[in-house]
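Summary of the model geometry
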Amino acid sequence: QGEALRREVEHTNLAWRADGADKSRLEADQSVRTEAEERTGQGLAAAEEEVEALRAALEDATKAVVSLRMSLLAERESVAAWHKAAVNAQQHNDALRAELEVCMVSLMTARAQIEIERMVVHDLTASASSALKD
């Protein structure tokens with residue numbers, strides 16, 4: 001009977017140990033699951049934060065691109081205005097040059113006329129001087 005009792009106690013101890021191991025295993029599994037869920041939740045939250053940060057950065061970059069495009073359009077308009085002013089200035093310069101050429105022709109004509117008149121006066125003076133000597 002002592003041996004049977006000892007075996008029964010040993011069997012009961014083994015059963016308790018097995019039951020305790022199962023409970024420990026279940027607790028460990030639950031702990032691992034809980035930790036995995038927490039990590040997954042933290043990872044998901046971190047990923048969501050990163051996505052929001054990327055969205056904000058994309059929005060900022062889009063605003064910067066729009067601003068640069070507007071600046072570029074303003075610069076193009078400015079260049080077009082400068083080009084138009086340069087063309088107008090060149091046309092005005094060409095008109096002034098043509099007017100100057102007309103003035104130069106008039107001046108040369110006037111000089112030639114003065115030279116002719118000077119020669120006439122010289123001839124008349126020479127003739128009058130010759131006539132007075134005679």
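Below you will find a few notes about this structure.

Cut-offs used in this document
Residues numbered from 1 in each chain as written. Predicted model: local features only at pLDDT ≥ 70, side-chain atom pairs only at ≥ 80, totals over all residues. Heavy atoms only, no water. Helix = DSSP H or I, 4+ residues; strand = E, 2+ residues; numbered from the N terminus. Buried < 20%, exposed > 50% of the residue type's maximum accessible area, 1.4 Å probe, protein only. Areas by Shrake-Rupley, 256 points an atom, 1.4 Å probe, with all protein chains shown as cover. Salt bridge = Lys/Arg side-chain N within 4 Å of Asp/Glu carboxyl O.

**Observations regarding the overall build of the protein chain**
- Summing up its helical and strand segments, the protein chain has one helix and zero strands in all.
- Relative to its full complement of 134 residues, the protein chain shows a buried share of 0%.
- When the accessible surface of the protein chain is split by element, carbon and sulfur atoms take 61% of a total near 12200 Å².

**Topic: the pattern of salt bridges**
- Following the criterion strictly, the structure yields three salt bridges and no others.
- Close ionic contact of Glu 115 with Arg 118 constitutes a salt bridge, the shortest N to O distance being 2.4 Å. Taken together, the residues span about one helical turn, with Glu 115 and Arg 118 both in helix H1 (residues 2-133) at a distance of three residues.
- Exposure remark for Glu 115: the relative accessible area of 34% places this residue in the partly exposed category.

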